[in-house]
Amino acid sequence: MEKKKNVWKWGVLIIIILAVGAVGFLIGQNISASKYQAEKELDYRLNRSDLDGLGEIDGTIYVTGHKSPDTDTVGSSIAYAALLQKLGYDAVPVILGDINNETRYVLESGGIDTPKLLEDASACNMVLVDHSEYTQSAEGLKDANVLSIIDHHGDGSVTTGKQLIYDARPFGSTATIIWLRYRNYGIEVDQKIAYVMAGSILSDTQNFQSDTTTFADREALKELSQIAGISDLDALYQEMFKASISYEGMTDEEIFFDDYKEYESGGKKYSIGCVNAYDEDIAGDLVERMAKVIPGTLTSTGMDMTFAQISIFHDGISITYLVPSDEAAKEVLQTAFGEKAVYDGLSFRLEPGISRRQVLVPAINDVLESHPQE
Ligand code: MN
Ligand code: MN
């Protein structure tokens, strides 16, 4: 009997000890969590204070990327202007020239307006993103009030002679630095802004294929794609790539001269215009368009013959179509590639595709030098 009572006593005691232990543990957890919160709060406030150091800013802040804007430059301008707005500043993103087809795709699919063009930065409050060179920046920048430079290139020529926020980090994209600034300020990125930032990181790191990609870029893209609700990043990158080589809004002649070079060999002047295609349907369409337009370019360029080189180069696909301007150009290609290529009446199709510099030019030179044409 006495023994049974003791067992009871011990049982109750153990339960009490366990309960006290559990409560103590939970309280401890809470204390360390709130301590962590407080530390984080301090972090935010310390990080925010760099903006306070700039003092009162009179008027609008213009956030701009470089001339010939790319997706990172435009996306970073939009994202940093949005961050400044959330911090209570009057900030707007601007561009210094027409956006390219890849950027247009990202902005349109993300439902974001294209920033306005800034003609002259004189007397403006400026934040530079994705560059720090006067030659790459806005007209009148030397007479502007430069507040900040956020960049992932080397330190450029822009100097201010006063305090500024200069945040330069060796990341794969400027958008990643801006993501880190949102984090440090403890500010949430909006869904649309997260989408354009994700596009910027994909573009500059070439979907992480570039060796400039860092851990920070991967973390940033992981978080931003979740916020933006992007379920398939590879698919988004494919669409961006497709848009980048779409030549949308260009005339056939502009497409031919987009990546055009002139050569001379065996007393003959010739030229080659390189054109990119995403798939064989698009390539076929471009072959027809180039076949129509290139004979007419010979007079204005003073060439004896010309070639359009249409290539599909991505994801393991490698095909080149060579379009000759006339009968003489066709014979040159026939001699150079007749055995390897398939001629369809308009173009010679080569698979795998060839490089202009390494294969096509030496092959044409060989023919022109060994078969001088009258
Ligand atoms: Mn850039
Ligand atoms: Mn960049």
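The following refers to the structure shown. Quick caveat, the model's predicted, so the values are computed rather than measured.

### Description of the overall build of the chain
Argument step 1. Along the backbone of the chain there are 12 helices and 12 strands.
Argument step 2. Taken against the 2.2 N^0.38 rule, which gives 21 Å for 374 residues, the C-alpha radius of gyration of the chain at 30 Å runs more than 25% over that of a compact globule.
Argument step 3. Principal axes of the C-alpha set define a box for the chain whose edges measure 120 × 70 × 30 Å.
Argument step 4. Here the chain holds 374 residues, and the buried ones make up 45% of them.
Argument step 5. Taking contacts inside the chain between residues at least 6 apart in sequence as the whole, the part at least 24 apart equals 63%.
Argument step 6. The averaged location of the 58 negative side-chain charges in the chain is 13 Å from the averaged location of its 31 positive side-chain charges.

### Focus: the packing of helix α2 (residues 71–86) against helix α5 (residues 191–204)
Argument step 1. Contact geometry of α2 with α5 gives a least axis separation of 8 Å together with a crossing angle of 150°. What the angle tells us is that α2 and α5 run roughly antiparallel. Between α2 and α5 lies a crossing of left-handed hand. Along the contact surface, α2 presents Thr 71, Asp 72, Gly 75, Ser 76, Ile 78, Ala 79 and Ala 82, while α5 presents Ile 193, Val 196, Met 197, Gly 199, Ser 200, Ser 203 and Asp 204.
Argument step 2. Of the residues in the contact of α2 with α5, the class split is 6 nonpolar, 6 polar and 2 charged.

### Comments concerning the layout of surface pockets
Argument step 1. Space inside the largest pocket adds up to approximately 410 Å³.
Argument step 2. As for the largest pocket, its lining consists of 19 residues, of which Ser 244, Ile 245, Tyr 247, Asp 258 and Asn 276 are closest to the centre.
Argument step 3. Taken together, the elements giving at least two residues each to the lining of the largest pocket come down to α3 (101–110), α7 (233–244), β8 (268–276) and β9 (305–314).
Argument step 4. Ranked by residues supplied to the lining of the largest pocket, first place goes to β9 with 4 residues.
Argument step 5. In terms of residue class, the lining of the largest pocket is made up of 8 nonpolar, 7 polar and 4 charged.

### Digging into the coordination of the manganese ion (ligand 2)
Argument step 1. Coordination sphere of the manganese ion (ligand 2), protein contribution only: Asp 72 (OD), Asp 130 (OD), His 152 (NE2) and Asp 204 (OD), at 2.1 to 2.3 Å.
Argument step 2. The sequence pattern describing where the donors of the manganese ion (ligand 2) fall on their chain is D-x57-D-x21-H-x51-D.

### Structural notes on empty space enclosed by the protein
Argument step 1. A full pass over the atoms with the stated rule returns 1 cavity of 30 Å³ or more.
Argument step 2. Size it by volume and the largest cavity reaches roughly 30 Å³.
Argument step 3. Residue composition of the lining of the largest cavity, by class: 8 nonpolar, 1 polar and no charged.

### Side note on the coordination of the manganese ion (ligand 1)
Argument step 1. Surrounding the manganese ion (ligand 1) are the protein donor atoms His 66 (NE2), Asp 70 (OD) and Asp 130 (OD), at 2.1 to 2.3 Å.
Argument step 2. Linear spacing of the donor residues for the manganese ion (ligand 1) on their chain is H-x3-D-x59-D.
Argument step 3. A separation of 3.5 Å is found between the manganese ion (ligand 1) and the manganese ion (ligand 2), both of which receive a donor from Asp 130.

### Thoughts on the environment of Lys 268
Argument step 1. Here Lys 268 lies in strand β8.
Argument step 2. Accessibility expressed as a relative area gives 15% for Lys 268, which makes it buried.
Argument step 3. Sequence-wise, Lys 268 and His 66 are 202 residues apart; in three dimensions their C-alpha atoms are separated by 41 Å.

### Some thoughts on the sheet that holds strand β11 (residues 342–343)
Argument step 1. In spatial order, the strands read β7-β8-β9-β10-β12-β11; together these 6 strands make up an open sheet with mixed pairing. For this open sheet the edge positions go to β7 (260–265) and β11, each flanked by a neighbour on one side alone.
Argument step 2. Here β8 runs beside β9; their pairing, made up of 7 bridges, is parallel. Residue Gly 273 lies in a different strand from β9, and its bridge partner there is Ala 308.

### So, the sheet that holds strand β6 (residues 165–168)
Argument step 1. As summarised here, the arrangement of the 6 strands in space is β3-β2-β1-β4-β5-β6, forming an open sheet in which the pairing is parallel. One side of each edge strand has no neighbouring strand; the edge strands of this open sheet are β3 (116–117) and β6.
Argument step 2. In the packing of α2 onto the sheet, contacts are made with β1 (61–64), β2 (91–95), β4 (125–129) and β5 (145–151), and the angle to β2 comes to roughly 170°.
Argument step 3. In the packing of helix α4 (residues 174–185) onto the sheet, contacts are made with β4, β5 and β6, and the angle to β5 comes to roughly 105°.

### Observations regarding the pairing of β5
Argument step 1. By the criterion of burial, β5 is predominantly enclosed, with 6 of the 7 residues buried.
Argument step 2. For β4 and β5, the ladder comprises 5 bridges, and the chain directions are parallel. Considered in β5, the bridge of Leu 128 is made with Ile 149.

### Observations concerning the packing of α2 against α4
Argument step 1. Running from amino to carboxyl end, α2 crosses α4 at an angle of 15°, the nearest separation of the two axes being 9 Å. Taken together, the axes of α2 and α4 lie roughly parallel to each other. The element α2 and its partner α4 pack so that their crossing is left-handed. Across the interface between the two elements, Asp 72, Ser 76, Ala 79, Tyr 80, Ala 82 and Leu 83 from α2 touch Thr 174, Ala 175, Ile 178, Arg 181, Tyr 182 and Tyr 185 from α4.

### As for the pattern of salt bridges
Argument step 1. Counted according to the given criterion, the structure contains 13 salt bridges.
Argument step 2. The salt bridge involving Asp 190 is made with Lys 86; its shortest N-O contact spans 3.0 Å. Of this pair, Asp 190 sits in the loop between α4 and α5 while Lys 86 sits in helix α2, and the two are 104 residues apart along the sequence.
Argument step 3. Owing to a relative accessible area of 37%, Lys 86 belongs among the partly exposed residues under this scheme.
Argument step 4. Here Arg 181 makes a salt bridge to Asp 167, at a shortest N to O gap of 2.7 Å.

Reading guide: rules and limits
- Residues numbered from 1 in each chain as written.
- Chains lettered and ligands numbered in written order.
- Predicted model: local features only at pLDDT ≥ 70, side-chain atom pairs only at ≥ 80, totals over all residues.
- Heavy atoms only, no water.
- Helix = DSSP H or I, 4+ residues; strand = E, 2+ residues; numbered from the N terminus.
- Rg over C-alpha atoms; globule rule 2.2 N^0.38 Å.
- Buried < 20%, exposed > 50% of the residue type's maximum accessible area, 1.4 Å probe, protein only.
- Contact = heavy atoms within 4.5 Å.
- Lys, Arg positive; Asp, Glu negative; His and termini not counted.
- Charge placed at Lys NZ, Arg CZ, Asp CG, Glu CD.
- Axes fitted to C-alpha atoms, helices over the stretch in contact; angles between N-to-C directions.
- Parallel < 35°, antiparallel > 145°, perpendicular 65-115°, else oblique.
- Left-handed = near helix turned anticlockwise from the far one by under 90°.
- Nonpolar A, V, L, I, M, F, W, Y, C, P; charged D, E, K, R; others polar.
- 1 Å grid on protein atoms, 1.4 Å probe; cavity = no way out; pocket = protein on both sides within 12 Å on 5 of 7 lines; lining within 4 Å.
- Points joined across faces, edges and corners; volume = space filled by probe spheres on them.
- Donors = N, O, S within 2.8 Å, 3.2 Å for Na, K, Ca; no water.
- Pairing = 2+ DSSP bridges.
- Salt bridge = Lys/Arg side-chain N within 4 Å of Asp/Glu carboxyl O.

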